[in-house]
Structure formats: C-alpha cells, structure tokens
Amino acid sequence: MQRKETAYLTVYLSLVFGIVLSLFLALIEGAAIGAARTQAELAADLGLDSVFAEYHREILDQYELFFIDSSYGSTSGGIGMTEKHLSDYLAKNMDPDKGIDVYGATTYLKLTNPYLEIREVSYASDNYGAVWKAQAVAYMKAVYGGDIINTVKDHIETVKKNEMDTRDVASELKKQKEEFEKALEEKEIIELDTETSDGNSYTKVSKLVDKLISGTFLKLVIPSSEKLSQASVRTNDYYSGRVRAGKVNSGVGLHEGAFGAGGLADELIYGEYLMKVCGNYRNQKEDSVLKYQIEYILYGLSSDASNLSACLATLFAVRSAGNLIAIYSNSGMKAQAEAVAEILCCLIACPELTPVLKNILLGVWALAESVADMKNLLDGGKVPLIKKEGQWSLSLSGVLSGNFFGSGKKEEGLSYQAYLRVLLGLMNQQKKVARSLDIVEMDIRETEGNRYFRIDQCIDYMKVNFGFADAAGHDFVFEKMMCYE
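In this report, the structure presented in the accompanying data block is examined. (Residues numbered from 1 in each chain as written. Predicted model: local features only at pLDDT ≥ 70, side-chain atom pairs only at ≥ 80, totals over all residues. Heavy atoms only, no water.)

Structural notes on the environment of methionine 333
With respect to the secondary-structure elements, methionine 333 resides in helix 12 (residues 331-347). A residue is classified by how much of its surface remains accessible, and methionine 333, at 5% relative accessible area, is buried. C-alpha separation for the pair methionine 333 and serine 395, spaced 62 residues apart in sequence, amounts to 8.8 Å. When near neighbours in sequence (up to four residues on either side) are disregarded, methionine 333 contacts Ile327, Leu362, Trp365 and Trp392. (Helix = DSSP H or I, 4+ residues; strand = E, 2+ residues; numbered from the N terminus. Buried < 20%, exposed > 50% of the residue type's maximum accessible area, 1.4 Å probe, protein only. Contact = heavy atoms within 4.5 Å.)

Structure, rendered in structure tokens:
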C-alpha cells in the first residue's frame, strides 16, 4: 500500500515565518528610527546646553547674571554667530569619535543636521531692558528674599505723602521775599539797614535769602577738586545713546512663561540690585569708568562731577521740603522766628508784616539746615526725612550769623545711600534701566577681550528649529526652547 505524505506544516511554518520576519524587520526599523530620533534629540539638547554654557564670564563676575554674548568678543555679533557655535556642537554630538582614529569604530545611524534655525531670541535690552531687569530681580529674590525693600517703600511713601519730591521751597521763599519787599515799596520804606542789638537787619536777611536760593552755600559742601572724581564719558557711545539713535538689536522681549519685573516692589528690588552692583559717591566701585555710577543712573550726565552736583541739588530740595514741614510743626521754632520778625518789622515801622517775615525766616532756616544736611550726608552721617526735637543742626541765631555747617555728622536717620535708594524708587523706570545698561557696557568694555561689548547682543532665551536626517533617509524635525532660569 502506498503512503501519502502532506506538507501542510511546512507551508504553515513558511507563512508564519514570513509574517514573523516582517514584524521583526519592522521592529528593527522602528528601533533604528527611534534610536536616530533619540540621538537627534540628545544632540540638540547637548548643543543647546553647550551654547548656554558659554555665558559671559564678566557679566557673571560683576553683575551676577547669565547672558550669552553673541559677538563672542568680536566687533559685531548676532544670531548667525550663535547658530555657528550651535552647529559645531551638534556636529560633535552626532559623531563624538569624528577626528579620532579608533580602529573598527563606526556610527551606524550617521546623523546629519541639514537644517538649523534660531527662530527667536531675547536680548538683555529688549523692552527697554525688561529682560535684564527681570533676571536681576529674580536673582535678588532668590538670594535675599522679598523683605529687602520694606524700609525703602516706607521712606518713599513718606516723601510722596509730604510732597517732598515735588515741592520747591526755594521758589516759595523767593516769592515770599518779593511779596514782602513789594509791600515795603508800597509803603515807601527804605531804611532797611537798621540793626538790632545782635546785629540783625532785614537787609542781612534779604542777602541771606538770595544766597540760599541761588545755591551759593550748597557749593561749599561739594568736595574740593582734588577729592572729586574727574571721570567723564561720551554718553552716545553706550546703550541709551544707541536707543536715541534707533540703532539697537531687538528680540522677542520677555519670552512666553517668563516672569517680568513689574509693580513697585519689583522696581524697588531692582533699585536694591543697582545699589549692590554699582558704585556711588560714598561707596565707589573699583576699576569702574565712572566712580559715581548710581548718580549717573539718576541723571545721565557725562561726568561724575555734574552727576554729583545734580544729585545734591535734588537732595537739597527734598531736605528743604522736609525741614520746612518739620519747622512748621514745631511751636518753639515758630516762636523764635516770630520774635525775630517782630523786632525787625518794628525797626522798619511795619509791624503788620510780621507774619510774612516770620515765614521768610522759617524758609531761610529750612534751607540753611538743608545745607548742613548735605554736608552731613557727604561726610557719612545720617539725616531723618522729617526731623523731630533734638535732631536739628542749626539754631536761628546761628543761621543769621552765617553758621551753616552745624556740629558735625549725625548718626540718626537715613544715610546718603539710603537717600539714593529713595531717588531710584522715584525715578522713571525706563531711564533707570537704560542708564544702568550704560554702566554695564562701560565697565565690561574695560575688561580683556570685550572692547566692543554691547548689551543688546546678549541673549537670555532662544527658540530653535532643528532638522536631522539619518543614513536611511529619515527626517526628524522638531523645535526646542531654552533660557536661563
């Protein structure tokens, strides 16, 4: 009997093997594609990490912040140079053994990077320096917490409440003097030199008013030329000058998800940051171009001497308003002024003008006290915003005799630096940041390899489009963002 053989098992196995082999090859292909994509992602991440690791060392050393200088020390910078650095890092990361003679070494994926584009950047100077300020405020909050500005906030509220930042006591005194002398003229009174037993006369008071409102005595508190910095700069050579000329790079500003510095609290924190990293008359920064840097931020003039003079004029006005407010709330001081006014008005036969002359004497006293305050602050002493009993440097008789400098520096109240904090809190925010970026450029350019440094070439954030291809012709396109946090 003949035996019949069947091959159904062989056929079955052949069919199954074909299916399994296809699945196996598909898995291998998927694994290869996945490996290529993973390597592309890793290469992109490492490339961005490497670019951001090239932060500017002088900015970190002097200002505690992180930024990429896209000029890399050359005469000009831009996104193109940063793209070149990123491309070089990508090439190294895609083939780490390239250029190294290792026997048998090969890269099977053979990734290439035919497409690379930095689509967005944030420059430090964007939005009038908002990017720089945001990073500075974040740094201060991380290091010092949120309670560093409560005292300054209280001082600013006192100044605003009493209109010490807007009141012009010198102009008020000038007007009062003109009204008093007009009244004398109408009465045809010309005998004004008649002196009291202690040598006072209205003529003497009038000359004193003229000197005080002209600022003559204030000049006496400014240090001599030997002690005063003679440094000066060309302001148009720096960031704020380029802003005026419309010649600054601009990016996207504060990127999505970034925390901008806004509100009074953050503004005061930024002022505290400036006090930390910048110099001033009482605390000069070593190796800085301008020695009085905070004063430059406040006034933006071309020399240390002119910025200090402008600062003292502002402080004099603030102190004059504060002193006049305090005098008018002091019954004893008002009584002294009224007594002197009565005597002088009797001598010139105009007793009805006593109230007007009393106000003039109180204004003279306030301005003279402010001159003493300026001397005190520059010498390292302290002066309260609103003085109380026992905190005065001058008596009315001392003022009328020409003594404007009191008994030396005091140790109660606000220091010169504390007044600078208040002025920073009161000033225009955009001017404050722009001039602070001028200071950054001034000092960074003095360091080795940074002669052409520009703050509007310094990058804080990037969004990059990547395009990779592997040996099998697969393309991998994706987008990544990175910033300093």
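Here we look at the packing of helix 7 (residues 202-214) against helix 13 (residues 354-378)
Two numbers describe how helix 7 lies on helix 13: the axes approach to 10 Å, and their chain directions differ by 45 degrees. With respect to each other, helix 7 and helix 13 are oriented oblique. Here helix 7 and helix 13 pass one another in a crossing that is left-handed. In this structure, helix 7 uses Tyr202, Val205, Leu208, Val209, Leu212 and Ile213 to contact helix 13, whose residues at the interface are Leu357, Ile360, Leu361, Val364, Leu367, Ala368 and Val371. When its residues are assigned to classes, the contact of helix 7 with helix 13 shows 13 nonpolar, no polar and no charged. (Axes fitted to C-alpha atoms, helices over the stretch in contact; angles between N-to-C directions. Parallel < 35°, antiparallel > 145°, perpendicular 65-115°, else oblique. Left-handed = near helix turned anticlockwise from the far one by under 90°. Nonpolar A, V, L, I, M, F, W, Y, C, P; charged D, E, K, R; others polar.)

Some remarks on the packing of aromatic side chains
Per the counting criterion, the structure on display carries 13 aromatic pairs. Both rings, one in phenylalanine 180 and one in tyrosine 202, keep their centres 4.8 Å apart while their planes meet at 40 degrees; by these two values the pair is tilted. In this pair, phenylalanine 180 sits in helix 6 (residues 169-186) while tyrosine 202 sits in helix 7, placing the two residues 22 residues apart along the sequence. The pair phenylalanine 180 / tyrosine 202 is uniform in exposure class, with both members buried. Seen in terms of ring centroids, tyrosine 270 and tyrosine 273 are 5.9 Å apart; in terms of plane orientation they differ by 25 degrees. Their pairing is stacked. With tyrosine 270 and tyrosine 273 both in helix 9 (residues 263-277) and 3 residues apart, the pair spans about one turn of that helix. Per residue, the accessibility class of tyrosine 270 equals that of tyrosine 273, and both read buried. Grouped by ring-pair contacts, the aromatic residues Phe52, Tyr55, Phe66 and Tyr484 constitute a single cluster. The positively charged end of arginine 57 is found above the aromatic ring belonging to tyrosine 55, 4.2 Å away from the centroid. (Phe/Tyr/Trp six-rings, centres within 6.5 Å; stacked < 30°, edge-to-face > 60°. Lys NZ or Arg CZ within 6 Å of the ring centre and 35° of its normal.)

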